[in-house]
Each structure stands twice: as structure tokens, then as C-alpha cells.
Amino acid sequence: MYVCICNAIREKDLRCAARRMNGDAEAVYAAMGRKPQCGQCLDEAEEIIAEEVEVASYSAAA
């Protein structure tokens with residue numbers, strides 16, 4: 001599924017990038033060499049990034 005149509009960012013790619021670096025959606029997009037265009041994806045992207053941060057912190061604690 002595409003999270004960001006403007007930049008053709010797929011959910012799986014966003015999750016992978018979120019696991020590799022810290023930051024908000026704009027920072028993760030920048031790490032992917034992109035930047036938000038229309039901004040409609042940012043809320044969903046933030047939720048996906050938060051999920052990945054939570055999973056990573058849970059895995060680190062285990």
C-alpha cells in the first residue's frame with residue numbers, strides 16, 4: 001500500500017526506514033531522499049513510524 005502518493009512511498013519502505021533511523025515523518029522522508037509534498041500522508045506516516053518505534057523498543061526490552 002502506498003502511504004505517500006506524491007513520493008511513491010510504500011508502507012513497507014517507510015517501516016524499513018523508520019527502523020533504521022529516529023525522527024518524525026519529515027526526518028524519515030529526508031533519510032529516504034524525499035520530502036513531503038502535499039502533506040496529506042504525514043498523519044498516517046507518523047502512526048506507522050510510532051508503531052515501528054514501539055516494536056523496536058519492545059524487542060530491545062525482551
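Cut-offs and rules
- Residues numbered from 1 in each chain as written.
- Predicted model: local features only at pLDDT ≥ 70, side-chain atom pairs only at ≥ 80, totals over all residues.
- Heavy atoms only, no water.
- Helix = DSSP H or I, 4+ residues; strand = E, 2+ residues; numbered from the N terminus.
- Buried < 20%, exposed > 50% of the residue type's maximum accessible area, 1.4 Å probe, protein only.
- Arc of directions from axis to C-beta.
- Contact = heavy atoms within 4.5 Å.
- Expected span 1.5 Å × (residues − 1).
- Core = buried A, V, L, I, M, F, W, Y, C linked by side-chain atoms within 4.5 Å.
- Salt bridge = Lys/Arg side-chain N within 4 Å of Asp/Glu carboxyl O.

Some points on unusual backbone geometry
Next up, step 1: Positive phi outside glycine occurs at alanine 8, with the angle close to 55°.
Next up, step 2: Secondary-structure assignment places alanine 8 in the loop between strand E1 (2-4) and strand E2 (9-10).

Concerning helix H1 (residues 11-20)
Next up, step 1: Leu14, Arg15, Ala17 and Ala18 are the residues of H1 that are buried. Summarising the axial view, the buried residues of H1 lie within an arc of 165°, below the 170-degree limit, and thus occupy one face. In H1, those exposed residues whose orientation departs by more than 90 degrees from the buried face are Lys12, Arg19 and Arg20.
Next up, step 2: Here the buried face of H1 lies against E1, E2, helix H2 (25-31) and helix H3 (42-61).

Notes on the side chain of asparagine 7
Next up, step 1: Here asparagine 7 is to be found in the loop between E1 and E2.
Next up, step 2: Aside from chain neighbours lying at most four places away, what touches asparagine 7 is Tyr29, Arg34, Lys35, Pro36 and Gln37.

Regarding H3
The periodicity of an α-helix, 3.6 residues per turn, causes residues three or four positions apart to be oriented the same way.
Next up, step 1: Over its 20 residues, H3 runs 28 Å from end to end, which matches the ideal 28 Å to within 8%, given 1.5 Å per residue.
Next up, step 2: Every buried residue belonging to H3 is among Leu42, Ala45, Ile48, Ile49 and Glu52, and all of these are buried. Looking straight down H3, one finds that the buried residues subtend no more than 125° of arc, so they occupy a single side. Away from its buried face, by an angle of more than 90 degrees, H3 presents the exposed residues Asp43, Glu47, Glu54, Tyr58 and Ala61.

Quick notes on the nonpolar core
Next up, step 1: By size, the foremost hydrophobic cluster in this structure holds 15 residues, and its most contacted members are Val3, Leu14 and Tyr29.
Next up, step 2: Residue assignment for this core shows that the elements contributing at least two residues are E1, H1, H2 and H3.
Next up, step 3: Sorting elements by how many residues they give to this core places H3 first, with 4 residues.
Next up, step 4: With residues up to four places along the chain from it excluded, the contact list for valine 3 reads Ile9, Arg10, Glu11, Leu14, Tyr29, Cys41, Glu44, Ala45 and Ile48.

Description of the pattern of salt bridges
When charged atoms on two side chains of opposite charge get close, those side chains can pair.
Next up, step 1: Tallying each qualifying case throughout the model produces 4 salt bridges.
Next up, step 2: Two residues, arginine 15 and glutamate 11, come together in a salt bridge whose shortest N-O distance is 2.8 Å. One end of the pair, arginine 15, and the other, glutamate 11, are both in helix H1, 4 residues apart, so they sit about a helical turn from each other.
Next up, step 3: A salt bridge links glutamate 52 to arginine 15, with the shortest nitrogen-to-oxygen separation between them at 2.7 Å. With a gap of 37 residues between them, glutamate 52 in helix H3 and arginine 15 in helix H1 connect regions that are remote in the sequence.

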